[in-house]
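# Structural features, examined
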Amino acid sequence: MSLALKTPPTGTVARTLGDAHRRLADLCEVLAVRVAEPGTDVGRAGVTAAELASDPAVLEAFVDAEAARIQDRYSVAPRRDVAASRALHDYAWSVALLMSGPWYLERRVPRIRPEDLRLDLASAMFTLTPGTDFACLPDDSAAELPGPLTVPHEETLRTELRRAVADHMAPLLAAIGPLVRRGPRALWGMVADDLVSGIWYLGRILGREGDAVRAATELLPSGVAPYPGGADFRYLTTRDGQRHPTRTRAGCCMYYTIRPDEACATCPRTCDAERLRRLEG
């Protein structure tokens, strides 16, 4: 299932994780992240997820910044809940990929603490300070480093990934829920969607879409608490006989409220006929 891009450790856990995240950022052009060197003082620019979850003023600024981006990009003044949903979606997709990417590429699951990730509200650029906590398999050369959690098999590693993403996101979901105006099930549905879609995206850009679909399905074969549903991929067949994976999001990202005629391909509002039309160009 993995792409066997694993590299040997470079001396410390933080440096090993930093190198993995730089490789991921180089692969994913849409992942706006700067990886700090271990021990570097990144200053106080931007806000952390811990601050987003604990300071209502910071959370309001987070939503304000997204509303301003939507206005600038689309010339649309979004509803407050729409701006909050879009901000949460972008954050959840990025954070999930920062943990699922190393898992998919190298069979290593980093834990990113809320205080390790800073977000510049104006640019939407993340700065990640690599931590010292990750899980790996027994045959990983990184298991020799002091600190990593060695788990016995792939399913336990998948459990570690689900748990790492959930632990990071839970405080933010509790804080932003009233602004998004959705309950816990819908919020965790969005996180599940973003966890799955990040892996799917990574597989597509590497030319390994089928492998990524299998990996995401093994990660979320069905609802696994707190995630309410599974990856739930299915296939559509175009006129040329090609089969294309698709899925329907469980938690809406609200893009359709900004561009009603351009709802996401995985939106519940996008029917299969429209999905096929887009696939066939």
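Scoring rules and cut-offs
Residues numbered from 1 in each chain as written. Predicted model: local features only at pLDDT ≥ 70, side-chain atom pairs only at ≥ 80, totals over all residues. Heavy atoms only, no water. pLDDT = per-residue confidence, 0-100. Contact = heavy atoms within 4.5 Å. Salt bridge = Lys/Arg side-chain N within 4 Å of Asp/Glu carboxyl O. Phe/Tyr/Trp six-rings, centres within 6.5 Å; stacked < 30°, edge-to-face > 60°. Lys NZ or Arg CZ within 6 Å of the ring centre and 35° of its normal. 1 Å grid on protein atoms, 1.4 Å probe; cavity = no way out; pocket = protein on both sides within 12 Å on 5 of 7 lines; lining within 4 Å. Points joined across faces, edges and corners; volume = space filled by probe spheres on them. Helix = DSSP H or I, 4+ residues; strand = E, 2+ residues; numbered from the N terminus. Nonpolar A, V, L, I, M, F, W, Y, C, P; charged D, E, K, R; others polar.

Our focus in this paragraph is the confidence of the model for the protein chain. Scored by pLDDT, the protein chain has a mean of 91; 94% of the residues are at 70 or more. Counted against residues more than four places away or in other chains, residues 1-5, with its pLDDT under 50, gives 19 contacts.

As a working rule, side chains carrying opposite charge can pair if their charged atoms are close by. Scanning the entire structure with this criterion turns up 28 salt bridges. A salt bridge links Arg113 to Glu115; the nearest nitrogen and oxygen atoms lie 3.4 Å apart. Connected through salt bridges with shared partners, the residues Arg15, Asp19, Arg22 and Glu37 form a single ionic network.

With that settled, consider the packing of aromatic side chains. Taken as a whole and assessed by the stated rule, the structure comprises 6 aromatic pairs. When the ring centre of Trp200 is taken as reference, the NZ or CZ atom of Arg204 above it lies at 4.9 Å.

Volume-wise, the largest pocket comes out at about 1100 Å³. In terms of lining residues, the largest pocket is bounded by 40 residues, among which His89, Trp93, Ser197, Arg249 and Cys264 are the most central. The biggest single contributor to the lining of the largest pocket is helix H4 (residues 80-106), with 7 residues. Considered class by class, the residues forming the lining of the largest pocket number 22 nonpolar, 7 polar and 11 charged.

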